[in-house]
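# What the coordinates show
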Amino acid sequence: MDTYRSLSKQEWEKALTQLLNHYHIYAPLAWGENQDYERIDEDSVADIIYNRPKPASPLKTFFLPVKENVINTEKSDKKRIILGIPSCDLSGANILDEIYLDDVFVDPAYKKNRDESILIGSDCHTLQEHCHCTTYGIRPYPEENHDLTLSLVEDTIFMHINSDKGEQLVREIGNITQLSEPTENEIQEILDKRKAVEEELNRRNRDLPNYNATGDLINSSGDEIWKKYSETCVSCGACATICPTCTCFLLLERPGFEKVRHLDACQYPGFEKVAAGEDPLKELYKRFRNRYMCKYVWKPEKFESTACTGCGRCIEACIGNISKNELFMELYNK
Amino acid sequence: MKGNNIYKPVKAKVREVIDESPTIKSFVLEPERKFYFKTGQFIEVALDGIGEAPFTPSSSPLIAEQLEVTVMKTGHVTEKMHQMQGGETVGIRGPFGRGYPLEKLYGKEVLIIGGGCGFAPLRSLLYNLEAEKEKIKKVTFCYGSKNPKECIYEPYIQKLRNINEFEVMRTVDDADETWTEEVGVATVLLDKVDVNINESVAVVVGPPIMMKFSVQKLEEMGYPDKKIYLSMEKNMSCAVGKCGHCMMGEYFVCKDGPVFRYDEIKDKPDIWK
């Protein structure tokens, strides 16, 4: 399925407008320097931004919305196409799948949301300040969990087909408008862009540790570093909320034995408290450390996939200016 | 469980509410279809529109038509449960997790230490061992409670005492004039037990502080960590290893436990909290 197709941006927008009849389409729209996934309509098709990382919300918000009834999981009226997904978020879906689609218990709401999504990944042509995916071995272009990859070069949209779903969608687009096969030179241009961005990432983050090997560092750290770095933490939970791989939730009862899932975070007081009163995470610094232990020590012991993708959103979201990269540098250099 | 919605409960009628102590009640539940569980596995009981909480059934795992949970009034859901009179419909999900390792108890002298409402899951185990008593050498059950009024399942204690292979020892923290057994925390009973440790496996269930000191005592007595089993109480909300509330190190207590061998968990953080 190593296949590229191309079309002009104008024709692509025409095709998207037609696809709106059959799909809900979500894509990044920008405000100033920032951007986020928005539901696209005819008027906003032309405002979609391409190949610029990264939407404020992680991809997980499509699979694990902030609030969702987990008993009523009927099919949606339309499937949805999600455009502009950066590679870090696509890789982040691995751990979500391992947890929510495990061998014993398949989560029906998650499965439905996952199955009903066509994922269009996006090559990153630029970088944000805290992007550091390569320290996790993730490249700044989609390699997994996606149906199509999309690159806009000058005024041409290039699509790379990565799955049956992707092939089907390209066929539908081909029914709307004429598709071309890109030339070798054009493909080379896409690959050159990828290489340049990857090199830039490596250069920028050369002092950061290899994050796939930091578990021992954390496991053997004393309390001091956690107390130091959590000094400005206010337990707001923004780091976990915005994290593409934090997946904890609360189940709340609704009449009729229904259940509503609300996303939750170990950063909030009382997260592990039991009715009898015991609370292993009563102290703030322990909650703060818990998230790191979970990502770098416990999840790697239990799952194959990494529980952090180097997207840097937790650093950007922290009102206490806590940088996980600074914390690791300090641990690493001790 | 594949194919079913893992969050959807089976309805069950509350057939009987039994006062066990001033703070503990048992609820006899009749599910709308047969409900099978292994001793030590837990279920989630949902009160419609109110909340859901995990309990390990206190009834015999050999009976599928009815099951029983014994509940201490400690939180939001259990308080509402204590207001039930019988006749209500609740939801039950499960069974979940890993129960007591019966096959490891066969042929052994089983030392069981229970504290307070920790007797509830242990009664299920005792029922099971009672039914299979030819498979075990003997059972020594040590039970500790706050005071005589909080000692639950009195009739069952008397019944067990009439079975040759079963020995029951009890203690209370605060005795009154009616109390004729031991006084002190549960570990005082361990000074008096007569077990061949090399032939023995221990099971401990109770409040965290009681489990902590019981395990210390068992280690002093010479029990290897691999011969000590504990049932851990954590905030098991989803019960299917997803919500994250019951994580203990890399374990999801709901899925990997709630029964653990002590050596599996001894190095995990804050296990007694």
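A brief report on the enclosed structure follows.

The rules we used
Residues numbered from 1 in each chain as written. Chains lettered and ligands numbered in written order. Predicted model: local features only at pLDDT ≥ 70, side-chain atom pairs only at ≥ 80, totals over all residues. Heavy atoms only, no water. Helix = DSSP H or I, 4+ residues; strand = E, 2+ residues; numbered from the N terminus. Rg over C-alpha atoms; globule rule 2.2 N^0.38 Å. Buried < 20%, exposed > 50% of the residue type's maximum accessible area, 1.4 Å probe, protein only. Contact = heavy atoms within 4.5 Å. Buried area = accessible area lost by both parts, 1.4 Å probe. Salt bridge = Lys/Arg side-chain N within 4 Å of Asp/Glu carboxyl O. Polar contact = N/O pair within 3.5 Å; in protein donor to acceptor, adjacent residues only side chain to side chain. 1 Å grid on protein atoms, 1.4 Å probe; cavity = no way out; pocket = protein on both sides within 12 Å on 5 of 7 lines; lining within 4 Å. Points joined across faces, edges and corners; volume = space filled by probe spheres on them. Nonpolar A, V, L, I, M, F, W, Y, C, P; charged D, E, K, R; others polar. Pairing = 2+ DSSP bridges. Axes fitted to C-alpha atoms, helices over the stretch in contact; angles between N-to-C directions. Parallel < 35°, antiparallel > 145°, perpendicular 65-115°, else oblique. Expected span 1.5 Å × (residues − 1).

### What about the overall build of chain A?
Looking only at helices and strands, chain A has twelve helices and ten strands in total. Taking 334 residues into account, the globule formula puts the C-alpha radius of gyration at 20 Å, and chain A, at 21 Å, falls close to it. A principal-axis box enclosing the C-alpha atoms of chain A has dimensions of 65 × 55 × 40 Å. When each of the 334 residues of chain A is scored for burial, the buried share is 57%. In chain A, the proportion of contacts linking residues at least 24 apart, taken out of those at least 6 apart, comes to 74%.

### Quick look at the environment of Val66 of chain A
Residues and elements named next belong to chain A. Of note, Val66 is situated in the loop between helix 2 (60-63) and strand 4 (67-69). For Val66, a relative accessible area of 58% gives the class exposed. Along the chain, Val66 and Gly312 lie 246 residues apart, while their C-alpha atoms are 20 Å from each other.

### Focus on the interface of chain B and chain A
With 45 residues of chain B in contact, the opposing surface of chain A contributes 40 residues. Across the chain B to chain A interface the summed buried area is about 3500 Å²; carbon plus sulfur atoms make up 62%. Ranking the residues of chain B by area buried against chain A places Tyr7, Lys242 and His245 of chain B at the top, with a combined share of 20%. Where chain B meets chain A, there are five salt bridges. Taken together, the links from chain B to chain A amount to 17 residue pairs in polar contact (both at pLDDT 80 or more).

### Re empty space enclosed by the protein
Residue and element names in this part refer to chain A. Within this structure, the stated rule accounts for nine cavities of 30 Å³ or more. Of the pockets and cavities examined, the largest cavity occupies roughly 190 Å³. Lining the largest cavity are 18 residues; nearest its centre among them are Cys233, Cys239, Phe288, Cys318 and Ile322. Of all the secondary structure elements, the ones that give two or more residues to the lining of the largest cavity are helix 9 (238-241) and helix 10 (284-302). Of the residues contributing to the lining of the largest cavity, the split by class is eleven nonpolar, five polar and two charged. Estimates place the volume of the second largest cavity at around 160 Å³. A total of six residues in the lining of the second largest cavity trace back to one element, the largest contributor, which is helix 10. Along the lines of polarity and charge, the residues of the lining of the second largest cavity split into ten nonpolar, four polar and five charged.

### As for the sheet that holds strand 7 (residues 148-153) of chain A
Residues and elements named next belong to chain A. Across the sheet, seven strands lie side by side as 1-8-7-6-5-2-3; this open sheet has mixed pairing. The strands lining the two open edges of the sheet, one partner per strand, are strand 1 (3-8) and strand 3 (34-39). Here the strands of the sheet are splayed against their neighbours by 25° on average, with no regard to which way each runs. In this sheet, strand 7 lies alongside strand 6 (residues 117-122) in parallel orientation, the contact comprising three bridges. Bridged to Ile120 within strand 7 is Leu148. Sheet contacts for helix 3 (residues 87-100): strand 3, strand 5 (79-86) and strand 6; angle to strand 5, the most-contacted strand, approximately 120°.

### Brief notes about the layout of surface pockets
Residue and element names in this part refer to chain B. Roughly 390 Å³ of internal volume is contained in the second largest pocket. Those elements giving two or more residues to the lining of the second largest pocket turn out to be strand 1 (10-19) and strand 6 (89-96). Looking at the lining of the second largest pocket residue by residue, the classes come out as nine nonpolar, four polar and six charged.

### Details of the packing of helix 10 of chain A against helix 12 (residues 324-333) of chain A
Residues and elements named next belong to chain A. As a packed pair, helix 10 and helix 12 sit with axes 13 Å apart at the nearest point and diverge in direction by 75°. Considered as vectors, helix 10 and helix 12 are oriented roughly perpendicular to each other. Contacts between helix 10 and helix 12 involve Phe288, Tyr292 and Tyr296 from the first element and Lys324, Leu327 and Phe328 from the second. Considering only residue class, the contact of helix 10 with helix 12 consists of five nonpolar, no polar and one charged.

### Comments concerning the environment of Tyr100 of chain A
If you trace the backbone, Tyr100 of chain A turns up in helix 3. Looking at Tyr100 of chain A, the relative accessible area reads 0%, which means it is buried. C-alpha separation for the pair Tyr100 of chain A and Ile82 of chain A, spaced 18 residues apart in sequence, amounts to 20 Å. With residues near it in sequence (within four places) discarded, Tyr100 of chain A still touches Leu64, Phe105, Val106, Asp107, Tyr110, Thr247, Phe249 and Arg261 of chain A together with Lys242 of chain B.

### As for the sheet that holds strand 6 of chain B
Strand pairing in a sheet takes place through backbone hydrogen bonds and is either antiparallel or parallel in direction. All names here are of chain B. Spatial ordering of the open sheet is given by 4-3-6-1-2-5, a layout of six strands whose pairing is antiparallel. Pairing within the sheet leaves two strands with one partner each, and these edge strands are strand 4 (51-55) and strand 5 (67-72). In this sheet, neighbouring strand axes are inclined to one another by 35° on average, regardless of whether the strands run parallel or antiparallel. Sheet topology places strand 3 (residues 42-47) next to strand 6; four bridges connect them, and they run antiparallel. Its bridge partner lying in strand 6, Phe42 is registered against Phe96.

### Section: unusual backbone geometry
Of the consecutive residues Gly94 of chain B and Pro95 of chain B, the connecting peptide bond is found in the cis state with omega at 0°. Locating Pro95 of chain B in the fold gives a position in strand 6. The omega angle of the peptide bond from Gly257 of chain B to Pro258 of chain B is 5°, so this bond is cis rather than trans. Located in the positive-phi region is Phe257 of chain A, a residue other than glycine, with phi close to 55°. Looking at the element boundaries, Phe257 of chain A is found in the loop between strand 9 (249-254) and strand 10 (258-263).

### As for helix 6 (residues 184-204) of chain A
Its 21 residues place the ends of helix 6 of chain A 30 Å apart at the C-alpha level, agreeing with the 30 Å of an ideal helix rising 1.5 Å per residue. At its buried positions, helix 6 of chain A is contacted by strand 1, strand 7 and strand 8 (156-161) of chain A.

### What to know about the pattern of salt bridges
Pairing between side chains of opposite charge can happen when the charged atoms of each approach one another. Overall, the coordinates contain 41 salt bridges over all chains when judged by the stated rule. The shortest N-O distance in the salt bridge between Arg5 of chain A and Glu181 of chain A comes to 3.8 Å. Here Arg5 of chain A is found in strand 1, whereas its partner Glu181 of chain A is found in the loop between helix 5 (164-176) and helix 6, with 176 residues between them in sequence. For Arg5 of chain A, a relative accessible area of 22% gives the class partly exposed. One salt bridge connects Glu181 of chain B with Arg170 of chain B, and the closest N-O pair in it is separated by 2.9 Å. Here the residue Glu181 of chain B occupies a position in the loop between strand 9 (166-172) and strand 10 (182-183), and Arg170 of chain B occupies one in strand 9, the gap between them amounting to eleven residues. Judged by its relative accessible area of 22%, Glu181 of chain B falls in the partly exposed class. Connected through salt bridges with shared partners, the residues Glu253 and Lys259 of chain A together with Glu52 and Arg93 of chain B form a single ionic network.

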